[in-house]
Structure formats: structure tokens, C-alpha cells
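Structure assessment
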Amino acid sequence: MITIVGYGLGNVGALRNMLCRTGATADVSECPEDILTAQGIVLPGVGAFDNAMDRLQQLGLRDALDVAVNERRVPILGVCLGMQLFTRQSDEGRLPGFGWLPATTVRIPQHDGLRVPHMGWNQLEITRRGRLVPDDPAAARFYFLHS
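Residues numbered from 1 in each chain as written. Predicted model: local features only at pLDDT ≥ 70, side-chain atom pairs only at ≥ 80, totals over all residues. Heavy atoms only, no water.

1. Section: the nonpolar core
- Ranked by size, the top nonpolar core spans 22 residues in total, and within it Val 5, Tyr 7, Leu 43, Leu 56, Leu 65 and Leu 85 carry the most contacts.
- Contributions of two or more residues to this core are made by strand 3 (40–43), helix 3 (49–58) and helix 4 (61–71).
- Here this core gets five residues from one element, more than from any other, and that element is helix 4.
- Beyond its immediate chain neighbours, meaning those up to four positions away, Tyr 7 contacts Leu 43, Pro 44, Gly 45, Ala 52, Arg 55, Leu 56, Leu 59, Leu 61 and Leu 85.
- Ile 4, Leu 19, Ala 26 and Val 42 belong to the second-largest nonpolar core, a separate cluster that totals five residues. (Core = buried A, V, L, I, M, F, W, Y, C linked by side-chain atoms within 4.5 Å. Buried < 20%, exposed > 50% of the residue type's maximum accessible area, 1.4 Å probe, protein only. Helix = DSSP H or I, 4+ residues; strand = E, 2+ residues; numbered from the N terminus. Contact = heavy atoms within 4.5 Å.)

2. Things to note about the packing of aromatic side chains
- As enumerated under the stated definition, the model contains three aromatic pairs in all.
- A centroid spacing of 4.2 Å and a plane angle of 15 degrees characterise the contact between Phe 98 and Trp 100, whose relative ring orientation is stacked. By the burial criterion, Phe 98 is buried, and Trp 100 matches it.
- Members of the aromatic cluster, connected to one another through ring pairs, are Phe 86, Phe 98 and Trp 100. (Phe/Tyr/Trp six-rings, centres within 6.5 Å; stacked < 30°, edge-to-face > 60°.)

3. A few points about the sheet that holds strand 2 (residues 26–29)
- As summarised here, the arrangement of the four strands in space is 2-1-3-4, forming an open sheet in which the pairing is parallel. On the outer flanks of this sheet lie strand 2 and strand 4 (76–78), each paired with one strand and no other. Looking at each pair of strands side by side, their axes are set apart by 25 degrees on average, direction ignored.
- Pairing analysis gives four bridges linking strand 1 (residues 2–5) to strand 2, with the strands arranged parallel. Directly across from Thr 3, in strand 2, lies its bridge partner Asp 27.
- Helix 4 contacts strand 1, strand 3 and strand 4 of the sheet and is inclined by roughly 135 degrees relative to strand 3. (Pairing = 2+ DSSP bridges. Axes fitted to C-alpha atoms, helices over the stretch in contact; angles between N-to-C directions.)

4. Some points on the side chain of Thr 3
- Inspection of the secondary structure puts Thr 3 in strand 1.
- In contact with Thr 3, not counting residues within four places along its chain, are Asp 27, Ser 29, Asp 34, Ile 35, Ala 38, Gly 40, Ile 41 and Val 42.

Here it is, written out as C-alpha cells:
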């Protein structure tokens, strides 16, 4: 069972539908107990870093996620802001992130030929195959909305 963290900051319905479409079993939960017993976790997110970390703390999910990831070694996928929360901090906020990745989330710098925020469909150049990467290079087309 994959547990999608439902903390009010992400399109959990679309994530659940896509996971089910791949044959996975997925549920959405905001209960720490469900996070602690999950076999896999998806952490979505849309919005501001500090708001997300604050909501996770208020719901008791921050500690549950730390235990699941650090102690139980549950696989976790971060989507959008959810992935940014894996880092130590963001230059767009003041609260600490989870620190699972030894990194800081930084804004994409403005320079010639790059629009920020970066929005739209783009083709990926696959440099290493993996379970989350399509076998068909033509299918490596993804939608981006980030800055």
C-alpha cells in the first residue's frame, strides 16, 4: 500500500488516480499512524515551503515521516514542493526542512533564454534507466511548473 500524505497542499486525487492506473494500491491519509505503517509514501506539495512544513508539524506528520524514512527506511517520492521539503532548507523560507537530502532548495536563477517560472511540457533526456523512467524515450515527456 502506498500512502499519499494528505496535508492540504497538493493534488492528491490526481496522484492517487495515476498510481492506481499503474496497478498500485494507494490511499490518501493525514493520520500519523498510516504514515508509520505505510509500505511506500508519496509526499505531494504546492505552495510555500514554510507553510508546508508548518502544516506537517501541526498534523503530527513531520515526526511520523521522519520515523518512516529514517528508521523504517520506507521508500518515499516527493512531488513538486514535496521533494523540496526533503532538503535542509529553502532560500524561499525560514523553517528547516527534513534534511534527508544534504542540500538547500534554491530558486532557479534568471538568465537569457530561460523563463522563470519554467512552465510547460518538455522532453527529458534519459541518461540512466530506472523504475520511474519510461522504457520508451518518446514517452519521456513531462509537464513542468517550477521556479
